[in-house]
Structure formats: C-alpha cells, structure tokens
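Residues per chain, in single letters:
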Amino acid sequence: IDVELSAISAEVGELTEENLEMEVERALNTARFVNASGSDLLLLSVPQYGEAGPTPEQIKLAAEWLNQVGKVTLDLDVITVWQPIIGEWPRTSNEIPKFLGSLTAKYVQLCYDAWMLEVGVPITTFLTKHGSRVKYIVLRDMKVSASKKKKRSSLARVPSMQRLGKGNLPLKRLCRALFTK
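Just so it is clear, the structure is predicted and the values come from calculations on it, not from any experiment. (Residues numbered from 1 in each chain as written. Predicted model: local features only at pLDDT ≥ 70, side-chain atom pairs only at ≥ 80, totals over all residues. Heavy atoms only, no water.)

A short note on the overall build of the chain
A count of helical and extended segments in the chain gives six helices and seven strands. Element order for the chain, N to C, with α for helix and β for strand: β-α-β-α-β-α-β-α-α-β-β-β-α. A sequence separation of at least 24 residues applies to 71% of the contacts in the chain between residues at least 6 apart. About 10300 Å² of surface is accessible on the chain, with carbon and sulfur atoms providing 52% of the total. (Helix = DSSP H or I, 4+ residues; strand = E, 2+ residues; numbered from the N terminus. Contact = heavy atoms within 4.5 Å. Areas by Shrake-Rupley, 256 points an atom, 1.4 Å probe, with all protein chains shown as cover.)

Written out as structure tokens, the structure reads:
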C-alpha cells in the first residue's frame, strides 16, 4: 500500500508562561516530522479548558503559541493551521473572528472542520467571512445524540463517526459551498 502523509494534527496541554517555550518546541518537533515526511500541513488545536472556558490570559497565550510555531514553520515549508474545536473552545462561531484577529495571517492559517456544521457554523457563512485563510477542510460524518444531562448544549452532544453520507453531515450542501467559491 502506498500511503502519503498529508497532515498531522496535534494538541497542546494547558499553556502557562512557564511552559510556553517548551510547548512551542514540542509543536516544532512535530512540524519537523511533518517536513521530513514530505508533508506540509501541521494542524494545531488550542487547549480545551472545560466548562468554565479559558481566561483572557489563556487565550492570549494560545495565540502567542500559534504565532510562534507558525513563524518558525514557514522556514520548514510547513503551513501551520489552527483547527477550532467548536463546542469546546471556541464555544461558538462568534469567538473565531476575535481569536483570528490575534493570529498573524502570514504564520497561521485556518481549518474548517465539517463537525462545525453540527454546532451551527454554516460553511457558506464561514467561507465568506474567513475563506482566504482556510487552507484545510476536515471532512467527516457523524451522528449526534444529546446526552441525558443536557439536551440542548453543544457540549453535551455526543458524536459517533459514520461512513461518509451515513451521518448528519449535509454532504450536498457542503460540496455546493466548497465548489461554488
């Protein structure tokens, strides 16, 4: 089987002033592996902060982390891509533009994850607003059921992966949005 690596996705632990440099270096080691593998995309997600969400200082550290990694990966011919985990953090699509504003466009690109459709982030709206920065799309299909504790919260929705076309992903609408841009 001939397999080609196209991207590696990596997460970071809780960022603090004390461990920022170490977490930047850890992400850069992953980027070096991406480069050595002949690929060019490093997908990064910011730490997840639980129910309370991140503090303004934690958001600032996450942006600094992404910018530092993205700046160095340019020299490695690797594109750093932020993959928002909607429903965890950012909790809503409204938080994306503000955080994007703190990221240097030259260093950090953006990922659209098809899961965003399930939590109310329409791809057409998203691409209209942020399309110039979208460099990667995660296409996956899921079925979602609400947990017994919280029926309406996006945090309480439990996804299960499905074969493409067999879950809740509006595949035709997604393809139309992608191919009409």
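Still to come is the rest of the account.
Regarding the packing of helix 1 (residues 20-36) against helix 2 (residues 56-75)
Between helix 1 and helix 2, the shortest axis-to-axis distance is 10 Å and the interhelical angle comes to 40°. With respect to helix 2, the element helix 1 is oriented oblique. The chirality of how helix 1 crosses helix 2 is right-handed. Together, L20, E23, V24, A27, L28 and A31 of helix 1 and L61, E64, W65, Q68, V69, V72 and T73 of helix 2 make up the contact between the two elements. Here the residues of the contact of helix 1 with helix 2 sort into nine nonpolar, two polar and two charged. (Axes fitted to C-alpha atoms, helices over the stretch in contact; angles between N-to-C directions. Parallel < 35°, antiparallel > 145°, perpendicular 65-115°, else oblique. Left-handed = near helix turned anticlockwise from the far one by under 90°. Nonpolar A, V, L, I, M, F, W, Y, C, P; charged D, E, K, R; others polar.)

Some details on the pattern of salt bridges
Applying the stated criterion across every chain, the model contains two salt bridges. A salt bridge links E23 to R26, with the nearest nitrogen and oxygen atoms 2.8 Å apart. Taken as a pair, E23 and R26 lie in helix 1 at a separation of three residues, close to a single helical turn. Owing to a relative accessible area of 7%, E23 belongs among the buried residues under this scheme. (Salt bridge = Lys/Arg side-chain N within 4 Å of Asp/Glu carboxyl O. Buried < 20%, exposed > 50% of the residue type's maximum accessible area, 1.4 Å probe, protein only.)

Just geometry here; none of it tells us what the structure is for.
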